[in-house]
Amino acid sequence: MISIFPSLLNGTVITLKLLVSSMFFGLLIGLLFAILRINKNPIINKFAYGYSYFFRGTPLLVQLYLIYYGLANIEFLRNSILWVIIREPYWCAIIAFSLNTGAYTSEILRSAFQTIKEGYIEAAKSLGVTKQITFFKIQIPIAIKQSLPAYGNEIILMLKGTSLASVITIMDLMGEARKVNVLTFKPFEAFITAGIIYLFLTFIIHNIVKYLEKIYGFQT
Amino acid sequence: MELLSFGDTGWGDELFFATLMTIAVSIAAMVIGFVFALIFTPLKLSKNKTLNIIGNCYTTIIRGVPELLVIYLLFFGGTGAAMYVASIFGYDGYIEINAFITGALAIGIISGAYSTEVFRGAILSIDKGQFEASKVLGLKKNIQFYKVILPQMLRLSIPNLSNVWQITLKDTSLISVTGLVEIMRQSYIAAGSTRDPLFFYSVAAVLYLILTFLSMKIINKLEVRYKKGF
C-alpha cells in the first residue's frame, strides 16, 4: 500500500501540470471566443458558436484522439515545424484540454458578459470613458467576478478530464494507477488511492474558489 | 466515402450498430442513474444525520473523482470481486463480466450522482405550501409523494436532466477503454485497420454531434409539453 505512493505522487505532479497549463491556455481561448460571441457580426458570431458547439457536443476522448492520432495523419503537418509539438502526447493532451475547456469557458464568460447591467456601460459612456477602457476596466472585472462559481466547477471538471491523458500513454495520476493495477493485480488499492488523491485535489480547488469568491465578493 | 459504405468493404454498418450501442448504453445508464437518484435523494434531504452523510458522500465522491476511475474500478475490481465470490463456491476459472453491464453500471453510478443533485434541487424548489396543503387534505405520506411531489419534481427537473443526459451520452465514450464496441471503440478499430484515424475520429465526432443535436430537439419538445400545466 505505501509502496505505491511515490509513483502515484509523480503522477499527481503530471496531472497538476496538465491541469494548470490547459486551464491557462483555455482561459485565453475562452476569453477570445467569448468576445467573438458577443460580437454583432453574424459570421464571427456563428464561427464562435460553432466552435463551442463542437467542443461541447463531442466527448473529450474524441477530441483527444482526433488531435493525437488524427493530426499525425496530415502529411502537411508532419513536414512542418508543428510536428515537434504534435508528436508529443503531452502537448497533444494540452491542446485538446485547452480547446475543450476554452469552449466551456467561453460560454461561462459570455453569459457573464451578457448579465452585466446596461447601466454600468451607459454610465461609463456618459462619463466619457473610451470603449476600450470600459471593456478592460469595467466589463472584464465584473465578468470574472460573476463567473467565478461556474469557473470553479469547470476547473474541477477539467481535473477529472485530465485523467483521459492516461489513454494516450501519459503517466499522469490515472496512468500510474493503471500501471500499479497491472503490476500488482490489486485494482482496489491502486484505483481507490488514486481516487482519494483526486478527491483531495477537488477539495482544495473547491476551497480556493470559495475563498476567492469571498474576497472578490459575488455581486451583480 | 466508400469507407463508410455498408457491407463487407465499408464501415458504415459497423458504425451504425456502434451508434445504436452508444444509445443503448446511455439509456441503460440513465435508467440506472434514476434508480440511484431515487435512493439517494431522500437520503440527502433526510433530517437524520447519518443518512444525510451517506447521501452526501455518494454525490461528493462520485462527482469528485474522474469518470474513468469509476469505470476502471468496476471493470477490474468487478472481475476480481466476482472471481473471489465464485472461488468461495468452489469455482476457480476466469470470469469475465459483460462489458455492457459494467459500462452501464459505471456510467449509471456517475449519472445517478448528478441526477440526485437535480432531484434534490427540484424538491427544494417546490413551494412549501404544496406540502402543507397536501398534509391538510389528509393525504397519506406516500400518496402525497406520488401524486403531489413527484409530478412537480419531474417537471422542474427536465431542463437540468437534459444536461445530465448530455453528460451521460458523452461519458459513454469512456466505456470504449473496457472493450465495449460503441462509437468510440468502433472508430478506434476502423482507424487501426484502415490507418486513417483522422477520418474515422471525425466521423465519430459527427455521430456524437448528431446524437446531442437530436436529443436536444427531443428534450425541447418534452419541455414544452410538460410546461403546459404551469
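Residues numbered from 1 in each chain as written. Chains lettered and ligands numbered in written order. Predicted model: local features only at pLDDT ≥ 70, side-chain atom pairs only at ≥ 80, totals over all residues.

### Considerations on the overall build of chain B
Which entries qualify depends on this criterion: Secondary structure elements follow DSSP: runs of H or I no shorter than four residues count as helices, runs of E no shorter than two count as strands, and numbering proceeds from the N terminus. Contact between residues is assigned whenever the C-beta positions, reconstructed from backbone atoms, fall within 7 Å.
What chain B contains, in helices and strands, is eight helices and zero strands. Start at the N end of chain B and walk to the C end: the helices and strands fall as α-α-α-α-α-α-α-α. Principal-axis analysis of the C-alpha atoms places the extent of chain B at approximately 70 × 50 × 25 Å. Considering only intrachain contacts with a sequence separation of at least 6, the fraction spanning at least 24 residues in chain B is 72%.

### A closer look at the overall build of chain A
Rules: Three exposure classes are used, all based on how many other C-beta atoms lie within 10 Å of a residue's own C-beta (placed from the backbone): buried at 20 or more, exposed at 12 or fewer, and partly exposed between those limits.
Scanning chain A for helices and strands turns up ten helices and zero strands. The order of α-helices and β-strands along chain A, N terminus first, is α-α-α-α-α-α-α-α-α-α. In terms of overall dimensions, chain A has a C-alpha envelope of 70 × 50 × 25 Å along the principal axes. Expressed as a percentage of the 220 residues in chain A, the buried residues total 40%. Here the analysis covers contacts within chain A between residues at least 6 apart in sequence; of these, 78% occur between residues at least 24 apart.

### Focus: helix 6 (residues 141-171) of chain B
Given 3.6 residues per turn, any residue in an α-helix points the same way as the ones three and four places further on. Residues and elements named next belong to chain B. Just so we agree on the cut-off: The span expected for a helix works out to 1.5 Å for each residue beyond the first. In this analysis the local bend is the angle between axes fitted, respectively, to the seven residues ending at and the seven residues starting at the residue.
Taking 1.5 Å as the rise per residue, helix 6 with 31 residues should run 45 Å; its terminal C-alpha atoms sit only 37 Å apart, a clear shortfall. Taken as a whole, helix 6 carries its principal kink of about 55° at I158; the proline P159 stands between one and four residues after it. Those residues of helix 6 that sit buried are M153, L156, S157, L161, V164, W165, T168, L169, K170 and D171. In the core, the buried residues of helix 6 are packed alongside helix 1 (12-45), helix 3 (67-88), helix 4 (99-124) and helix 8 (197-227).

### Here we look at the packing of helix 6 (residues 89-115) of chain A against helix 8 (residues 131-161) of chain A
Residue and element names in this part refer to chain A. Worth spelling out the cut-off: Only the stretch in contact is used when fitting a helix axis, every axis being a line fitted to C-alpha atoms; angles between N-to-C directions are given from 0 to 180 degrees. Here the angle decides the label: under 35 degrees means roughly parallel, over 145 means roughly antiparallel, 65 to 115 means roughly perpendicular, and every other value means oblique. What makes a crossing left-handed is the near helix being turned counterclockwise from the far one by less than a right angle; a clockwise turn instead makes it right-handed. Charged means Asp, Glu, Lys or Arg here, nonpolar means Ala, Val, Leu, Ile, Met, Phe, Trp, Tyr, Cys or Pro, and polar covers whatever is left, Gly included.
One can describe the packing of helix 6 onto helix 8 by two numbers: an axis separation of 8 Å at closest approach and a directional angle of 150°. One element, helix 6, and the other, helix 8, form an angle in the roughly antiparallel class. In terms of crossing hand, the pair formed by helix 6 and helix 8 is right-handed. On helix 8, the residues touching F97, N100, T101, Y104, T105, I108, L109, A112, F113 and T115 of helix 6 are Q139, A143, Q146, S147, A150, Y151, E154, M158 and G161. Within the contact of helix 6 with helix 8, the residues separate by chemical class into ten nonpolar, eight polar and one charged.

### Considerations on the interface of chain A and chain B
The interface is formed by 27 residues belonging to chain A together with 28 residues belonging to chain B. Mapped onto the side of chain A that touches chain B, the elements with two or more residues apiece are helix 2 (42-57), helix 3 (60-70), helix 9 (173-184) and helix 10 (187-216) of chain A.

### Quick word on unusual backbone geometry
Positive phi, close to 55°, is recorded for F185 of chain A, a residue that is not glycine. Relative to the assigned elements, F185 of chain A resides in the loop between helix 9 and helix 10. Judged by C-beta crowding, with 11 C-beta atoms within 10 Å, F185 of chain A ranks as exposed. The phi dihedral of R195 of chain B falls on the positive side, at around 55°, and the residue is not glycine. Tracing the chain through its elements places R195 of chain B in the loop between helix 7 (183-194) and helix 8. On the neighbour-count criterion, R195 of chain B (9 C-beta atoms within 10 Å) is exposed.

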